[in-house]
Amino acid sequence: MNLMFFFLWGNFYQVLDATLQEEFVPNDTILQTDKERCQIITGPNMGGKSCYIRQVALIVIMAQVGSYVPAASAKLHVCDAVFTRMGASDSIQKGSSTFFEELSETSAILRRATSRSLVIVDELGRGTSTHDGVAIAYATLHYLLKETRCLTLFVTHYPRLADLKDEFPGKVGPYFVSYLAEGQVNKQSEGPISQYEEEATQRITFLYKLVPGIASRSFGLHVARLAQVPEICVLQAAAMAAKLEDEVSARAAAKASCSKVRTQLVKEEELEENLEDVEMELEAVSDRRLPEVSLDDVKKVLSMVEWASSHEDEVLALSCLKEAQEQAKTLLRLEETS
């Protein structure tokens, strides 16, 4: 049976509306087991990601107990469980770290969730290094999609996870909470302005509306400003972020350059091999008596080999060597028939 949600928040949350400086922004949610059953949600910090997934979990639980739900319309079936992995806290009593608690909860979800469950995961992998975090989050979501096949809301700051939409076409949808970025940085130094220097002075307006796509930025520096971190710290953070990004770009460029050099070396090795083959065939020709072959034909082949060995264009050189090889074979056949 399909599970489909259509949510539109209304007057039910008058208390929440009264405590907020702005009105609560409603969002629709559509999940179906035989179509799109997973949403990968990205977006800026404080953009409303966690609030959105909480509203989905609460409405499902309210419907399960027979309560009215704050939606313009809703179509649901009974879930066997609602699993959530949210928040970050350690356990001093157990002697376990925040990351260990995070993985323990994730492990319980992977072992117990079924295809009729609703699974909600919020920023899995943030308690460790970036590479480990991406790997664990990717593997967890892949397992939920391939093995469990449940309805899933997966919040992350790792845009790389959205690659799963290519492996599971029609089953995964990337979304992000929208925003507006306004303002220009006051350029005080030479050279191009990095996105982090720009972010450090921009005014960000959160729209809290879920839209298709992937968020390219998390606006951590903006949140630092909202938390009243000293301005000098924010600007220093922007400079360090730009430096780290440059280092990553430099490593990527170096890797691409090494790949190009390896490709060129392979071409040169292939060229040398072809040259050796032609030279061996020409030596065989020169050691034999060739009554039907003129000296001019041999010189022509040799000149082609010499031209290929000195030419800088590998493609043209290889083409010339192959032609010389064919002509050498023709000379050998003439000698054999004579």
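As the structure is a prediction and not an experimental result, all values here were calculated from the model. All residue numbers refer to positions counted from 1 along the written sequence of the respective chain. Where local features are concerned, this predicted model is filtered to residues with pLDDT of at least 70; where side-chain atom pairs are given and counted, the filter is 80 or more; whole-chain, interface and lining totals use all residues. Excluding hydrogens and water, the side-chain values take into account all heavy atoms of the structure.

K.L.:
I keep staring at the overall build of the protein and nothing clicks. Help me out?
P.N.:
The helix and strand inventory of the protein stands at 10 helices and 6 strands. Here's how the labels work: a residue is buried when its accessible area is under 20% of the maximum for its type, exposed when over 50%, partly exposed in between, all with a 1.4 Å probe on protein chains only. Counting all 338 residues of the protein, 36% fall into the buried class. Only heavy atoms enter the contact rule, under which two residues are in contact if any of them lie within 4.5 Å. Sequence-distant contacts, at least 24 apart, represent 71% of the contacts inside the protein between residues at least 6 apart. With the model as given, the accessible surface of the protein reaches about 20200 Å², and the carbon-plus-sulfur share is 53%. Numbering of helices and strands starts at the N terminus; helices are DSSP runs of H or I of at least 4 residues and strands are runs of E of at least 2. The Shrake-Rupley method, run with a 1.4 Å probe sphere, supplies the accessible areas, and residue values consider only the shown protein chains as cover.

K.L.:
Explain the UniProt feature "domain: DNA mismatch repair proteins mutS family" (unreviewed entry) in the protein to me, please; I cannot follow it from the model alone.
P.N.:
UniProt positions are given in the numbering used here, feature names are shortened, and annotations may be inferred rather than shown by experiment. Here, the residues flagged by UniProt with the feature "domain: DNA mismatch repair proteins mutS family" (unreviewed entry) are residues 117-133. With 24% helix and 29% strand, residues 117-133 has end C-alpha atoms that lie 24 Å from one another.

K.L.:
Whenever I open this one, the sheet that holds strand β5 (residues 172-182) confuses me. Can you help?
P.N.:
Strand pairs in the sheet, formed through backbone hydrogen bonds, run parallel or antiparallel to each other. Here we have 6 strands laid out as an open sheet, ordered β2-β3-β4-β1-β5-β6, and mixed in their pairing. Strands with a single pairing partner mark the edges of an open sheet, and in this sheet they are β2 (82-85) and β6 (203-212). This sheet shows a mean twist of 15° between the axes of neighbouring strands, independent of strand direction. Following DSSP output, two strands are said to pair if at least two bridges run between them. Where β2 and strand β3 (residues 118-122) come together, 4 bridges link them in parallel fashion. Residue pairing for β3: Phe83 is matched across the bridge by Val119. Contacts between helix α2 (residues 49-64) and the sheet are confined to β1 (38-42), β2, β3, β4 (151-155), β5 and β6, with β3 contributing the most and set at about 160° to the helix. Note on geometry: axes are lines fitted to C-alpha atoms, helical ones only across the stretch in contact, with angles between N-to-C directions running from 0 to 180 degrees. Along the sheet, helix α3 (residues 98-112) contacts β2 and β3; its crossing angle with β2, the most-contacted strand, is approximately 155°.

K.L.:
Help me out: how do you make sense of the confidence of the model for the protein in this one?
P.N.:
Detailed conclusions should not be drawn from predicted coordinates in areas where pLDDT is low. pLDDT is a per-residue confidence score from the predictor, ranging from 0 to 100. Scored by pLDDT, the protein has a mean of 77; 78% of the residues are at 70 or more. Confidence drops under a pLDDT of 50 for residues 1-12, and excluding neighbours within four residues, the segment shows 53 contacts in the predicted structure.

K.L.:
Sorry, what's going on with the side chain of Thr156 here?
P.N.:
Tracing the backbone through its elements, the reader meets Thr156 in the loop between β4 and α5 (164-167). For Thr156, a relative accessible area of 0% gives the class buried. Within the structure, Thr156 has its side chain in polar contact with the backbone nitrogen of Tyr158 (distance 2.9 Å). Not counting chain neighbours up to four residues away, the residues in contact with Thr156 comprise Ile40, Ile41, Thr42 and Leu161. By the criterion applied in these results, polar contacts are pairs of N or O atoms within 3.5 Å in which, for protein atoms, one can donate a hydrogen and the other can accept it, and in which residues neighboring in sequence qualify only through two side-chain atoms.

K.L.:
Hey, could you run me through the pattern of salt bridges in this one?
P.N.:
Side chains that differ in sign of charge can pair as their charged atoms come close. Salt bridges are defined as contacts in which a side-chain nitrogen from Lys or Arg sits within 4 Å of a carboxyl oxygen from Asp or Glu. For the structure on display, the rule yields 5 salt bridges. In this structure, the salt-bridge partner of Glu123 is Arg126, at a minimum N-O distance of 3.3 Å. For Glu123, a relative accessible area of 15% corresponds to the buried category. Arg160 serves as the salt-bridge partner of Asp163, at 2.9 Å between the closest nitrogen and oxygen. Judged by relative accessible area, Asp163 falls into the partly exposed class, the value being 35%. Salt bridges linked by common partners bring Arg85, Glu102 and Glu105 together as one network.

K.L.:
Please clarify how the nonpolar core should be interpreted in this entry.
P.N.:
What tends to happen in soluble globular proteins is that the nonpolar side chains get buried as a cluster. Counting 19 residues, the largest nonpolar core has Cys38, Val119, Leu141, Leu145, Phe154, Leu161 and Val172 as the members making the most contacts within it. Elements with a minimum of two residues in this core: β1, β3 and α4 (130-148). Per-element accounting of this core gives the leading share, 4 residues, to α4. The residues touching Val119, leaving out its near neighbours within four places in the chain, are Phe83, Ile109, Ala113, Leu144, Cys150, Leu151, Thr152 and Leu153. With 16 residues, the next largest nonpolar core counts Ile41, Tyr52, Ile120 and Tyr175 among its residues. We define the nonpolar core as a collection of buried residues of types Ala, Val, Leu, Ile, Met, Phe, Trp, Tyr and Cys that are connected through side-chain atoms lying within 4.5 Å of one another.

K.L.:
Explanation requested: a negative patch on the surface in the structure shown.
P.N.:
Patch membership needs two things, relative accessible area over 30% and no salt bridge, and members are linked within 9 Å if like-charged or within 5 Å if nonpolar (Val, Leu, Ile, Met, Phe, Trp, Tyr). For the charge count, each Lys or Arg is scored as positive and each Asp or Glu as negative, with His and the chain ends excluded. Note on charges: their place is set at NZ of Lys, CZ of Arg, CG of Asp or CD of Glu. On the surface, a cluster of negative charge is contributed by Glu269, Glu270, Glu272, Glu273 and Asp277. Here Glu272 shows up in helix α8 (residues 231-287).

K.L.:
Explanation requested: unusual backbone geometry in the structure shown.
P.N.:
With the exception of glycine, the majority of residues adopt a negative phi angle, and the majority of peptide bonds are in the trans configuration. Here Met46, not a glycine, exhibits a phi torsion of approximately 65°, which is positive. Mapped onto the elements, Met46 comes out in the loop between β1 and α2. One non-glycine residue with positive phi stands out, namely Glu123, at about 55°. Topologically, Glu123 is positioned in the loop between β3 and α4.

K.L.:
Looking at this structure, how should I read the packing of aromatic side chains?
P.N.:
Between two aromatic rings, the relevant description is the distance of the centres plus the angle of the planes. For Phe, Tyr and Trp, where Trp contributes only its six-membered ring, two rings pair if their centres lie within 6.5 Å, and the inter-plane angle classes them as stacked under 30 degrees, edge-to-face over 60, or tilted in between. On inspection of all chains with the given rule, the structure shows 1 aromatic pair. Look at Phe206 and Tyr208: their rings are 6.2 Å apart centre to centre, the planes differ by 50°, and that puts the pair in the tilted class. Among the residues examined, Tyr208 registers a relative accessible area of 31% and is labelled partly exposed.

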